[in-house]
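# Descriptive structure summary
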Amino acid sequence: MQCHAQLSSTFYDRTCSNALTTIRTSIRQAVSRERRMAASLIRLHFHDCFVQGCDASILLDETPTIVSEKTALPNLGSARELEKTCPGVVSCADILAVAARDASTLVGGPSWAVKLGRRDSTTASHTVAETDLPGPFDPLDRLISGFAKKGLSTRDMVALSGAHSIGQAQCFLFRDRIYSNGTDIDAGFASTRRRQCPQEDQNGNLAPLDLVTPNQLDNNYFKNLRQRKGLLQSDQVLLSGGSTDDIVSEYSNSPRAFASDFAAAMIRMGDISPLTGQNGIIRTVCGSIN
């Protein structure tokens, strides 16, 4: 982890004082047009930070796994808008970090002070994207160690998993779980999910990660786990007799504990290996090198 000290929430106060307002307006419009956009923006920042540090490398990457998220940012006008008003000042990496925070607040989640001053990478790493991102089939020990590798605690990992309180997943990512007849899945829940996710085909059919409040970033995700209604294997594994059970119980009982830990974990995640100072560049178009 390098140069945390150089990130600061006041980084653009002198050089582009309207940066945060411009981004917020753009995110508000995008989320009001399509509520699902909030989940995409939070996931985009998460994937970016996990792949090679929060450096907007994800926006250069062509791997099919993230194409859907990448399309979220260009639709946002905020990058183009800032390039007009403050050319060459605000990085795409910072736009992603601010967009994630604004998206959270727009769907009922917490707010936090975003540290700024990241710069953009000139490369994208396909291999790291394949190996470092947590997967929907990961067992608990792999989730814990994958987050630890990035300097995030087990508690951070459980809190950040709560982002699955919004957004959707494709059928092929939860098919095995809903047809497993396992003891870790509620039978009624499994049969509901099977209606839209047959055993063959329809791989891309979507289901909400949180059945109860699919468009609210809240602690319902954790309540669902207590009823064995986690959609992905990597969700339900957080409450499976292991070291994270107590944290899940705490968050399911206390919206406030979840909100404050989620905000703190998002700040720590935004600190993963940023490029600062003379490193990296400020991209004028987020999806390509200047």
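Residues numbered from 1 in each chain as written. Predicted model: local features only at pLDDT ≥ 70, side-chain atom pairs only at ≥ 80, totals over all residues. Heavy atoms only, no water.

This structure, assessed with the given rule, holds 10 salt bridges. The salt bridge partner of Arg-101 is Asp-102, with a shortest N-O separation of 2.8 Å. A residue is classified by how much of its surface remains accessible, and Arg-101, at 9% relative accessible area, is buried. When its relative accessible area of 2% is taken as the criterion, Asp-102 is described as buried. (Salt bridge = Lys/Arg side-chain N within 4 Å of Asp/Glu carboxyl O. Buried < 20%, exposed > 50% of the residue type's maximum accessible area, 1.4 Å probe, protein only.)

What follows covers the state of the cysteines. On inspection of all chains with the given rule, the structure shows four disulfides. Here Cys-16 engages in a disulfide with Cys-86; their sulfurs sit 2.0 Å apart. What sets the handedness of the Cys-16 and Cys-86 disulfide is the S-S torsion sign, and at about 75 degrees it is right-handed. Taken together, the residues Cys-16 in the segment before helix H1 (19-33) and Cys-86 in the loop between helix H4 (78-85) and helix H5 (92-106) connect sequence positions 70 residues apart. When sorted by exposure, Cys-16 lands in the same class as Cys-86, which is buried. Disulfide pairing places Cys-49 opposite Cys-54 at an S-S distance of 2.1 Å. Between Cys-49 and Cys-54, the disulfide has an S-S torsion of 120 degrees and is therefore right-handed. (Disulfide = S-S within 2.5 Å. Helix = DSSP H or I, 4+ residues; strand = E, 2+ residues; numbered from the N terminus.)

On to helix H13 (residues 245-253), then. Among all positions of H13, only Asp-245, Ile-247, Val-248, Tyr-251 and Ser-252 are buried. Angularly, the buried residues of H13 cover 165 degrees about the axis, an arc narrow enough to put them on a single face. Structural note: H13 exposes Asp-246 and Asn-253 on the side pointing more than 90 degrees away from its buried face. (Arc of directions from axis to C-beta.)

Relative to the helices and strands, Asp-218 is located in the loop between strand S2 (206-208) and helix H11 (220-226). A C-alpha to C-alpha distance of 28 Å links Asp-218 and Ser-8, two positions 210 residues apart in sequence. What Asp-218 contacts, discounting residues up to four positions off in sequence, is Ser-165, Asp-210, Thr-213 and Phe-258. A distance of 3.1 Å separates a polar side-chain atom of Asp-218 from the backbone nitrogen of Asn-220. (Contact = heavy atoms within 4.5 Å. Polar contact = N/O pair within 3.5 Å; in protein donor to acceptor, adjacent residues only side chain to side chain.)

Let's shift gears to the UniProt feature "binding site: Ca(2+) 2" (unreviewed entry) in the protein. UniProt's feature table lists "binding site: Ca(2+) 2" (unreviewed entry) at Asp-210, Thr-213 and Asp-218, given in the numbering used throughout. Take Asp-210: it is sitting in the loop between S2 and H11. Apart from the residues within four sequence positions on either side, Asp-210 is in contact with His-164, Ser-165, Asp-218, Asn-220, Tyr-221 and Asn-224. Looking at Asp-210, its side chain comes within polar contact range of the main-chain nitrogen of Val-212, at 2.8 Å. (UniProt positions renumbered as here; feature names shortened; annotations may be inferred.)

Here we come to the packing of helix H8 (residues 154-161) against helix H14 (residues 255-269). Orientation of H8 relative to H14, taken along the N-to-C sense of each, is 110 degrees, at an axis distance of 8 Å. What the angle tells us is that H8 and H14 run roughly perpendicular. Contacts between H8 and H14 involve Arg-155, Asp-156, Ala-159 and Leu-160 on the former and, on the latter, Phe-258, Asp-261, Phe-262, Ala-265, Met-266, Arg-268 and Met-269. In the contact of H8 with H14, the residues fall into seven nonpolar, no polar and four charged. (Axes fitted to C-alpha atoms, helices over the stretch in contact; angles between N-to-C directions. Parallel < 35°, antiparallel > 145°, perpendicular 65-115°, else oblique. Nonpolar A, V, L, I, M, F, W, Y, C, P; charged D, E, K, R; others polar.)

This brings us to the packing of helix H7 (residues 140-148) against H8. Where H7 meets H8, the axes come as close as 9 Å, and the angle between the chain directions of the two elements is 105 degrees. Relative to H8, the element H7 lies roughly perpendicular. For the pair formed by H7 and H8, the contact residues are Leu-140, Leu-143, Ile-144 and Phe-147 on the first element and Thr-154, Met-157 and Leu-160 on the second. Taken together, the residues of the contact of H7 with H8 sort by class into six nonpolar, one polar and no charged.

This brings us to the environment of Pro-255. Turning to its location among the elements, Pro-255 is positioned in helix H14. Pro-255 gets classed as partly exposed once you look at its relative accessible area, which sits at 49%. With 36 residues separating them along the chain, Pro-255 and Asn-219 place their C-alpha atoms 5.5 Å apart.

Moving on, we get to the environment of Leu-239. Here Leu-239 shows up in the loop between helix H12 (233-236) and H13. The sequence separation of Leu-239 and Glu-250 amounts to 11 residues, and the corresponding C-alpha distance is 12 Å.

This part takes up unusual backbone geometry. Positive phi values are uncommon outside glycine, yet Asn-181 reaches one of about 50 degrees. Owing to a relative accessible area of 65%, Asn-181 belongs among the exposed residues under this scheme. Residues other than glycine seldom take positive phi values, yet Ser-273 does so here, at roughly 35 degrees. Mapped onto the secondary structure, Ser-273 falls in the segment after H14. By relative accessible area, Ser-273 is classed as partly exposed at 23%.

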